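Residue-level structure breakdown
Residues per chain, in single letters:
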Amino acid sequence: MSTPLNGKLVTVFGGSGFLGRHIVQALARRGYRVRAAVRRPDLASHLQPLGAPGQIMAIQANLRYRWSVDRALQGSDAVVNAVGILAPTGKQSFDAVQAFGPRAIAEAARAAGINAITHISAIGADAESSSAYAQTKAAGEAGVLETLPESVILRPSIVFGPEDDFFNQFAGMARFSPVLPLIGGGATKFQPVYVGDVAEAVARAVDVDLKAGAVYELGGPEVKSFKECLAEMLDVTRRSRVLLPIPFEISSAMGKVMQLLPGAPLTADQVELLKTDNVVSETATADNRTLAGIGITPATTAAILPSYLDRFREHGQYDAHRAV
């Protein structure tokens, strides 16, 4: 049975992406009408089944062009920005997407009479970081809060789920390679957070259940090292592979070469990011600016990974019925 529509319209920038599609679904389940603002509406048809007929609509928008942002916001009651990139491609640079873009959205929202937006950033956002990704994430946050001080900023750790670019990528590599690289030795700490939990936090922010002007840090229930994450992935996929530690100096050199390849499997900037742990701060925990602080019990990787990594087993999902 579908949820009755509540009459409110939410524009979600980046609504067709990995996190965006889960945000769209969480909002649709609450009865919101959702406008997914994306660069390629023709590639957003997978959003339609996430709501009732006519509840979800895609519209073309590009953060580099302010007029398209203004158009996407027309008639909206709330706004979510879920646009982000792990590596620049062509005109989609870190500055354009993660620094200029969020400010443009906030300015357009203010012009449309909206006093706050929900902005997805990342743990590690830091204007003083050696990583361009982290620097522009910090610039995006500043642009949003300077324009609309009552906005809510959500900083997730590494996000996992069926379409993620972390566990899926390494599980795919393990299909063909006997060795998996441990950048910097694999000691970097993460706090993997389930995409559904992040989407629920976004929906609660749209519901105005979160503190205005606050920056929330979203992490899962467990802190795991890079090495532990890959070991768990291998356990779920039932594969035995060598985990080879690679010093940061060599990893950086590899990144400079690999970032020139199609799909950029590794960049020098990503290596810089891995030099810093990606976990919820003690300050955010003390201030209840976490998933637990807003009443969400985060899912574990052990509960979720088998639901989508089983396809990487030698015999796919049917390995579950084979003798171990």
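Structure first, text after, so check above.
Residues numbered from 1 in each chain as written. Predicted model: local features only at pLDDT ≥ 70, side-chain atom pairs only at ≥ 80, totals over all residues. Heavy atoms only, no water.

Looking now at the overall build of the chain. Secondary structure summary: the chain contains twelve helices and 13 strands in total. Its C-alpha atoms give the chain a radius of gyration of 20 Å, within 12% of the compact-globule value 20 Å for 324 residues. Each principal axis of the C-alpha distribution contributes one length, and for the chain these read about 55 × 45 × 40 Å. Contacts in the chain between residues far apart in sequence, at least 24 positions, make up 75% of those at least 6 positions apart. Approximately 14900 Å² of the chain is accessible, and the part contributed by carbon and sulfur atoms is 54%. For the chain, the distance from the average position of its 31 positive side-chain charges to the average position of its 31 negative side-chain charges is 6 Å. (Helix = DSSP H or I, 4+ residues; strand = E, 2+ residues; numbered from the N terminus. Rg over C-alpha atoms; globule rule 2.2 N^0.38 Å. Contact = heavy atoms within 4.5 Å. Areas by Shrake-Rupley, 256 points an atom, 1.4 Å probe, with all protein chains shown as cover. Lys, Arg positive; Asp, Glu negative; His and termini not counted. Charge placed at Lys NZ, Arg CZ, Asp CG, Glu CD.)

Within the secondary structure, T297 is located in the loop between α10 (282–286) and α11 (301–304). We classify T297 as exposed; its relative accessible area is 71%. (Buried < 20%, exposed > 50% of the residue type's maximum accessible area, 1.4 Å probe, protein only.)

We now examine the pattern of salt bridges. Applying the stated criterion to the full structure yields 14 salt bridges. Across the salt bridge formed by E200 and R30, the nearest N and O atoms sit 2.8 Å from each other. Within this pair, whereas E200 is found in helix α6 (residues 195–206), its partner R30 is found in the loop between α1 (18–29) and β2 (33–38), the two being separated by 170 residues in sequence. Judged by relative accessible area, which is 25%, R30 ranks as partly exposed. Here R103 ties to E146 by a salt bridge, and the two come within 2.7 Å at their closest N and O atoms. (Salt bridge = Lys/Arg side-chain N within 4 Å of Asp/Glu carboxyl O.)

If you walk through the whole model with that rule in mind, you get nine aromatic pairs. The interplanar angle of 65° and the centroid separation of 5.4 Å between the aromatic rings of F166 and F170 together place this pair among those described as edge-to-face. Relative to F226, the ring of F190 has its centre 6.0 Å away and its plane inclined at 75°; by these criteria the two rings are edge-to-face. Pair noted here: F190 is in strand β9 (residues 189–190) and F226 is in helix α7 (residues 226–237), with a separation of 36 residues, a long-range link. F190 sits in the buried class, given a relative accessible area of 7%. Clustering of aromatic rings is evident, with ring pairs tying together F160, F166, F167, F170, F190, Y194 and F226. (Phe/Tyr/Trp six-rings, centres within 6.5 Å; stacked < 30°, edge-to-face > 60°.)

The next subject is the sheet that holds strand β4 (residues 78–81). If you walk across this open sheet you meet the seven strands as β3-β2-β1-β4-β5-β6-β11, and the pairing is parallel. Of all the strands in the sheet, just β3 (56–60) and β11 (215–218) have a single pairing partner and so form its edges. Each strand axis lies, on average, 20° off the axis of its neighbour in the sheet, ignoring direction. Of the strand pairs in this sheet, β2 and β3 are connected by five bridges, and their pairing is parallel. By the bridge assignment, A37 is partnered in β3 with I59. Seen against the sheet, α1 touches β1 (9–13), β2, β3, β4 and β5 (118–120) and runs at an angle of roughly 170° to β1. Packed on one face of the sheet, helix α3 (residues 94–111) meets β1, β4 and β5 and runs near 180° to β4. (Pairing = 2+ DSSP bridges. Axes fitted to C-alpha atoms, helices over the stretch in contact; angles between N-to-C directions.)

Let us now look at the packing of helix α5 (residues 167–176) against α7. At their nearest, the axes of α5 and α7 sit 10 Å apart, and the two run at 60° to each other. By the angle between their directions, the pair α5 and α7 is classed as oblique. In the packing of α5 onto α7, the handedness of the crossing is right-handed. Along its contact with α5, which presents F167, F170, A171 and A174, the element α7 presents F226, C229, L230, M233, L234 and T237. Residue classes in the contact of α5 with α7 are distributed as nine nonpolar, one polar and no charged. (Parallel < 35°, antiparallel > 145°, perpendicular 65-115°, else oblique. Left-handed = near helix turned anticlockwise from the far one by under 90°. Nonpolar A, V, L, I, M, F, W, Y, C, P; charged D, E, K, R; others polar.)

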